Amino acid sequence: MADETTPIVRIRNLSKAYRRGSQLIPVLEDISFDIPEGEFLALMGPSGSGKSTLLNLLAGIDKADTGSIRVGGVEITTLDETELARWRAVNVGFIFQFYNLIPVLTAFENVELPLLLTRLSKRERRAHAETALRVVGLADRMDHYPGQLSGGQQQRVAIARAVVTDPAILVADEPTGDLDRHSAGEILTLMDRLNRESGKTVIMVTHDPRAADKARSIRHLEKGLLTDAIS
Amino acid sequence: MPFLKLLWRNAFRHRLRACLTILGITIAILAFGMLRTVISAWYAGVDASSASRLVTRNAISLIFPLPISYKDRIRQVEGVKVVSYGNWFGGIYIDEKNFFANFAVDMESYLKLYPEFILPADQFAAALRDRKGCVAGRKLVERFGWKIGDSIVLKGTIFPGNWEFVLRGIYRGKDKTTDESQMFFHWDYLNETVKKIIPRRADQAGFYMIGVTNPSQAADVATSIDRSFRNSLAETMTETEKAFALGFISMTEAIVIAIRLVSYVVIIIIMAVVANTMAMTARERLGEYAVFKTLGFGGLHIAGLIFGESLVISMTGCAIGIALTYPAAAAFADAMSQYFPIFNVDIRTIYMDVAAAFVVGVVAAIFPTWRAVRIRIADGLRQIG
């Protein structure tokens, strides 16, 4: 278990480029920074600045070209696809802009989904999923399909799915990007509560300055480079 | 089982597309099943043949007869238990379209050789007593609405004239593989009449049907019989009933091969249709598969989802197709009973239906799975929104 002085995420000399035809387009260049455990970090920057790519890299859903990413003491750049999948299932909860719920599964079944990869019994899975849905205030919508829920409710189901396995880190890519102001406020409050009360490290990519205001620290990216730091 | 639930719901997410694909598979399986049943019906005579029966015919061709005097010589061959004989009569009942098989046979010995023809003892005795008596199968009798005691007139094609018979017996098959659409009458009746109208064709049998004491020695008995008539005016060719029946089928082998090929083509076409459906489905869901991967599900899980969905669709179509095959085969059998007296859906056909649907489901899922498993999560997620 890391203490307060040990960062939960340690990024060193991270670079990533995409190939377009014969051209190599750099997206991230020599990024190095730490994220302390229990942090609520907002990554900001204009479109194409590389913030989503950075989020994907530190969440283990994309591979860096060079550099090191240590999360919770694990060097994730050396893990293969299978190891990364296992690592993500245990350590990272994902919140997406468009919720990314499975439309043919109910709210309960969507939240139960990550638990299918665990050794929990059916009864234990039910208890965990119900608790997660209660935490996000949707205990009475468990049997609703995503199509029967509002955008804000769908995002809350997505948050319940993200936290149901009790991961140390929550990564959120524009979690309020598809929501009205009221729903966005509710989602940010919920994320803030998860950060403060449950000690989750939250890393959020956003364009929205109001969303960034909820974060305890903000990092700006521009053209693949970290430009400043505000704490 | 959340995964099975997910497979089922995924399969019917686009209800119209899924239903049309299932309809296509249903029709393909139905067509495949019917075509395979036609092939089985073609071989029905082979399947119904007995290992303890031999057929002796003229070595030159079946159309050349053998002297009736051969009967006693054949009986003397070691291993021969019963000897019967007969002629293909080829009579027409009222109209040519009413075709059915009719034979002049030595009724007592012939029916002894065919225990699968079940004939009540009193009817058998009545048929033996009446020189013009005949015995017909249940299906044939039902087809023309005959009753015991009815007079039946056949117009001879090989043996000219109008031939009158009296229905004395109705046989039933021991099981559903027995042909119940044949008619047998006394060879003596034929021979006596032929003696009067075409004397040179009298005292000749078209074939000898031989029962052997030990089926394992059938080949030796056949050789012994043929050896007995070597260098005679009418040399014989003796073979098992199965080989004899296969010889007939070989004459129409091209048709059987064509039917078999068409049955495979039907499956290949539906394979392309299901593959197209699965390719569309998987392309639309690449984002979802990326979400599954993000949550920690591996390539095997994704493959399971796609293969499972493909199999749900193909096996649902297969189940409906099989269920429809039975009534369709019954209707076909009714309509085509003169050509296919035995038209039963063989259990092997059902196994082939299931295997074909399984192969369709698996093959259709291969490319979409390969694509979904290989896609980078970031690329997949980019397709959402």
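What counts and what doesn't
Residues numbered from 1 in each chain as written. Chains lettered and ligands numbered in written order. Predicted model: local features only at pLDDT ≥ 70, side-chain atom pairs only at ≥ 80, totals over all residues. Heavy atoms only, no water. Helix = DSSP H or I, 4+ residues; strand = E, 2+ residues; numbered from the N terminus. Rg over C-alpha atoms; globule rule 2.2 N^0.38 Å. Buried < 20%, exposed > 50% of the residue type's maximum accessible area, 1.4 Å probe, protein only. Core = buried A, V, L, I, M, F, W, Y, C linked by side-chain atoms within 4.5 Å. Contact = heavy atoms within 4.5 Å. Expected span 1.5 Å × (residues − 1). Polar contact = N/O pair within 3.5 Å; in protein donor to acceptor, adjacent residues only side chain to side chain. Phe/Tyr/Trp six-rings, centres within 6.5 Å; stacked < 30°, edge-to-face > 60°. Lys NZ or Arg CZ within 6 Å of the ring centre and 35° of its normal. Buried area = accessible area lost by both parts, 1.4 Å probe. Salt bridge = Lys/Arg side-chain N within 4 Å of Asp/Glu carboxyl O. Nonpolar A, V, L, I, M, F, W, Y, C, P; charged D, E, K, R; others polar. pLDDT = per-residue confidence, 0-100. Axes fitted to C-alpha atoms, helices over the stretch in contact; angles between N-to-C directions. Left-handed = near helix turned anticlockwise from the far one by under 90°. Right-handed = clockwise from strand over helix to strand, strands pointing away. Parallel < 35°, antiparallel > 145°, perpendicular 65-115°, else oblique. Pairing = 2+ DSSP bridges.

Observations regarding the overall build of chain A
And then number 1: Counting its secondary structure elements, chain A contains seven helices and 10 strands.
And then number 2: For 231 residues, the compact-globule estimate of 2.2 N^0.38 gives 17 Å, and the C-alpha radius of gyration of chain A, at 17 Å, lies within 12% of that figure.
And then number 3: Across its three principal directions, the C-alpha atoms of chain A cover 50 × 40 × 40 Å.
And then number 4: Per-residue burial over chain A gives 52% buried out of 231 residues.

A few points about the overall build of chain B
And then number 1: When its secondary structure is counted, chain B shows 15 helices and 12 strands.
And then number 2: Here the C-alpha radius of gyration of chain B, 29 Å, is well above what a compact globule of 385 residues would show, namely 21 Å.
And then number 3: Judged by the C-alpha coordinates and their principal axes, chain B covers about 95 × 45 × 30 Å.
And then number 4: Split into buried and exposed, the 385 residues of chain B put 50% on the buried side.

Some thoughts on the nonpolar core
And then number 1: Ranked by size, the top nonpolar core spans 87 residues in total, and within it Val-9, Ile-11, Leu-54, Leu-58, Val-171 and Ile-203 of chain A carry the most contacts.
And then number 2: No other element matches the 10 residues that helix α2 (residues 15-42) of chain B contributes to this core.
And then number 3: Once you skip the residues sitting within four places of it in the chain, Val-9 of chain A turns out to touch Phe-33, Asp-34, Ile-35, Leu-58, Arg-70, Val-71, Ile-169 and Ile-203 of chain A.
And then number 4: Grouped together as the second largest cluster of nonpolar side chains are 43 residues, Ile-68, Met-183, Tyr-208 and Val-221 of chain B included.

Details of helix α6 (residues 181-198) of chain A
Every α-helix carries 3.6 residues per turn, so stepping three or four residues along brings you back to the same face.
Residue and element names in this part refer to chain A.
And then number 1: Helix length check: α6 (18 residues) gives 25 Å between terminal C-alpha atoms against 26 Å at 1.5 Å per residue, within 8%.
And then number 2: Within the sequence span of α6, burial applies to Ser-183, Ala-184, Ile-187, Leu-188, Leu-190, Met-191, Asp-192, Leu-194 and Asn-195.
And then number 3: Tucked inside the fold, the buried residues of α6 contact β3 (40-44), α4 (122-135), α5 (151-163), β7 (169-173), β8 (201-205) and α7 (209-214).
And then number 4: Where α6 begins, the capping side chain belongs to Asp-180, and its oxygen is found 3.1 Å from the backbone nitrogen of His-182.
And then number 5: Two residues or fewer past α6, Gly-199 is found with a positive phi of approximately 75°.

What about the packing of aromatic side chains?
All names here are of chain B.
And then number 1: Across all of its chains, the model carries 36 aromatic pairs over all chains by this definition.
And then number 2: Ring geometry for Phe-103 against Phe-184: centres 5.9 Å apart, planes inclined by 20°, an arrangement best described as stacked. Pair noted here: Phe-103 is in strand β4 (residues 101-105) and Phe-184 is in strand β9 (residues 182-186), with a separation of 81 residues, a long-range link.
And then number 3: Take Phe-103: its relative accessible area is 14%, and that puts it in the buried class.
And then number 4: Relative to Phe-297, the ring of Phe-292 lies with its centre 5.3 Å away and its plane at 75°, an arrangement referred to as edge-to-face.
And then number 5: Among the residues examined, Phe-297 registers a relative accessible area of 1% and is labelled buried.
And then number 6: The ring of Tyr-70 carries the charged tip of Arg-73 above its face, separated from the ring centre by 5.8 Å.

A word on the interface of chain A and chain B
And then number 1: Taken together, the contacts link 26 residues of chain A with 23 residues of chain B.
And then number 2: Counting each side, the surface lost to burial between chain A and chain B is near 2000 Å², with a carbon and sulfur contribution of 69%.
And then number 3: In this structure, the salt-bridge partner of Arg-376 of chain B is Asp-62 of chain A, at a minimum N-O distance of 2.7 Å.
And then number 4: Summed over the shared surface of chain A and chain B, the result is six residue pairs in polar contact (both at pLDDT 80 or more).
And then number 5: Elements that contribute at least two residues to the side of chain A that touches chain B include exactly β1 (7-20), α2 (81-91) and α3 (107-112) of chain A.
And then number 6: At three residues, α2 of chain A tops the list of elements feeding residues into the side of chain A that touches chain B.
And then number 7: When its residues are assigned to classes, the side of chain A that touches chain B shows 16 nonpolar, three polar and seven charged.

Brief notes about the environment of Gly-133 of chain B
Residue and element names in this part refer to chain B.
And then number 1: The topology assignment puts Gly-133 in strand β6 (residues 133-137).
And then number 2: Using a relative accessible area of 0% as the deciding quantity, one classes Gly-133 as buried.
And then number 3: Separated by 111 residues in the primary sequence, Gly-133 and Ile-22 place their C-alpha atoms 54 Å from one another.
And then number 4: For Gly-133, the residues in contact, after removing those within four places along its chain, are Met-107, Ala-127, Val-166, Arg-168, Phe-184, Phe-185 and His-186.

Regarding the confidence of the model for chain B
And then number 1: Summary statistics for chain B give a mean pLDDT of 93 and a share of 99% for residues scoring 70 or more.
And then number 2: For this predicted complex, the interface score ipTM comes out at 0.91, while the overall pTM is 0.78.

What to know about the packing of α2 of chain B against helix α14 (residues 347-374) of chain B
All names here are of chain B.
And then number 1: It is the contact of α2 with α14, at a shortest axis distance of 10 Å, that shows an interaxial angle of 145°. Crossing geometry of α2 relative to α14 is assigned as right-handed. Contacts from Ile-29, Phe-32, Gly-33, Arg-36, Thr-37 and Ser-40 of α2 reach α14 at Thr-349, Met-352, Asp-353, Ala-356 and Ala-357.
And then number 2: Per-class residue counts for the contact of α2 with α14 are five nonpolar, four polar and two charged.

Details of the pattern of salt bridges
And then number 1: Taken as a whole and judged by the stated rule, the model has 27 salt bridges over all chains.
And then number 2: Its salt-bridge partner being Arg-75 of chain B, residue Asp-72 of chain B comes within 3.4 Å of it at the nearest N-O pair. Remark: Arg-75 of chain B and Asp-72 of chain B occur in helix α4 (residues 70-75); sequence separation between them is three residues, near one turn of the helix.
And then number 3: On the accessibility criterion, Asp-72 of chain B (42% relative accessible area) is partly exposed.
And then number 4: Put simply, Lys-16 and Asp-62 of chain A together with Arg-376, Asp-379 and Arg-382 of chain B are held in one network by salt bridges that share partners.

What about the pairing of β8 of chain A?
And then number 1: Counting buried residues in β8 of chain A gives five out of five residues, a clear majority hidden from the surface.
And then number 2: Assessed by its sense of winding, the connection that carries the chain from β7 of chain A through α6 of chain A to β8 of chain A is right-handed.

Concerning the packing of α2 of chain B against helix α11 (residues 253-284) of chain B
Residue and element names in this part refer to chain B.
And then number 1: Taken N-terminus to C-terminus, the directions of α2 and α11 make an angle of 165°; their axes are 9 Å apart at the nearest point. The pairing of α2 with α11 is recorded here as roughly antiparallel in orientation. As α2 runs across α11, the sense of the crossing is left-handed.
And then number 2: The class makeup of the residues in the contact of α2 with α11 is 19 nonpolar, five polar and four charged.

Quick look at the pairing of β6 of chain B
Residues and elements named next belong to chain B.
And then number 1: A large share of β6 lies buried, amounting to five of its five residues.
And then number 2: Residues Gly-133, Val-135 and Gly-137 point to one face of β6 and Cys-134 and Ala-136 to the other, with burial holding for every one of them.
And then number 3: Two elements, β6 and strand β8 (residues 162-173), share five bridges in a ladder whose sense is parallel. Within the sheet, the bridge partner assigned to Gly-137 lies in β8 and is Tyr-171.

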